[in-house]
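# Observations on the model geometry
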Amino acid sequence: MNTTHARQRLVIGNWKMNGSLAANAALLQAVRAGSEAQAGCQVAVCVPFPYLAQAQAQLSGGTVSWGAQDVSVHASGAYTGEVSAGMLNDFACRWVLVGHSERRSYHAETDEQVALKAAVALQAGLTPVVCIGETLQQQEAGETAQVISRQLGPVLALGAQSVSRMVIAYEPVWAIGTGRTATPEQAQAVHALVRQALEALGVGQVQVLYGGSVKASNAASLFAMPDIDGALVGGAALVADEFLGIVAA
Ligand code: PGA
């Protein structure tokens, strides 16, 4: 464990579209109990909308916080299927993921929409976790830096006051759910770019998480990198021991 790290450690589980009332009950209980002893690390879970009430009921009063995986840019109205930031507040959410690569690719979310979602979340008092990352094709074409900078553009344009209250998650699309983790050095190289952009804006304390096939077995080497402040965890967040292993790292 690196105790000299400048920013607080943060590990967020992204359950994606997984779970059931019965399975969640055991998982939430185990995560709550297992995180209590890890004072050096903030722990959170982002669950499907229908399970926010369950997360609130089971996690209230403990050290693990919870959130959602998306938010509408609208406050209310005729937007069938969408969920507003105010509704997330009704369930005491602390976090909301915005711009996850699965939202960008399956729901055609643009960089501008992602930035707007981040702004709407902030306005409601939620902390947006802004996800960025390049595809395999873009990585192979040597476009990683360009893609990251393009995705961050509209977000950084919200200004230092807004960005200082966000979390950024770098998730190379080619490493998500594939078992192919970026090497710590590969991830660090991109995190350093993100960090530079944040520092240029004067918001050096923003946490930057890495995501993409993070497991208990590779977390420590990723967290040893100077600009990796924690992880956004998909598959491994569904298995209590794996998730708690990452938290312990
Ligand atoms: P993974 O997903 O850990 O299953 O690769 C990470 C994410 O998509 O947030």
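I will try to describe carefully the structure that is included in this document. Only a predicted model underlies this, so the values are computations on that prediction, with no experimental measurement involved. (Residues numbered from 1 in each chain as written. Predicted model: local features only at pLDDT ≥ 70, side-chain atom pairs only at ≥ 80, totals over all residues. Heavy atoms only, no water.)

## Quick word on the site of the ligand
By nearness alone, 13 residues border the ligand, and K16, H100, E171, G177 and S213 come closest of all. At 2.7 Å, a backbone N or O of G177 approaches an oxygen atom of the ligand. The backbone of G234 places a nitrogen or oxygen atom 2.9 Å from an oxygen atom of the ligand. Against a free-state accessible area of 280 Å², the protein chains account for coverage of 95% of the ligand. (Near = heavy atom within 4 Å. Polar contact = N/O pair within 3.5 Å; in protein donor to acceptor, adjacent residues only side chain to side chain. Areas by Shrake-Rupley, 256 points an atom, 1.4 Å probe, with all protein chains shown as cover.)

## Details of the layout of surface pockets
For the largest pocket, the calculated volume is near 660 Å³. Its residues assigned to classes, the lining of the largest pocket comprises 13 nonpolar, eight polar and seven charged. (1 Å grid on protein atoms, 1.4 Å probe; cavity = no way out; pocket = protein on both sides within 12 Å on 5 of 7 lines; lining within 4 Å. Points joined across faces, edges and corners; volume = space filled by probe spheres on them. Nonpolar A, V, L, I, M, F, W, Y, C, P; charged D, E, K, R; others polar.)

## Quick look at the environment of S221
Mapped onto the fold, S221 is located in helix α10 (residues 216-223). Residue class for S221 comes out partly exposed when judged on its relative accessible area of 36%. Measuring from C-alpha to C-alpha, the distance between S221 and A187 comes to 11 Å, with 34 residues separating the pair along the chain. (Helix = DSSP H or I, 4+ residues; strand = E, 2+ residues; numbered from the N terminus. Buried < 20%, exposed > 50% of the residue type's maximum accessible area, 1.4 Å probe, protein only.)

## A word on helix α9 (residues 184-200)
Taking 1.5 Å per residue, 17 residues should reach 24 Å; α9 reaches 24 Å between its end C-alpha atoms and fits that length. Of all the residues in α9, the buried ones are P184, A187, Q188, V190, H191, V194, R195 and L198. Elements in contact with the buried residues of α9: β5 (127-132), α7 (144-156), α8 (160-163), β6 (167-170), β7 (207-211) and α10. At the C-terminal side of α9, G202 shows a positive phi close to 85°. (Expected span 1.5 Å × (residues − 1). Contact = heavy atoms within 4.5 Å.)

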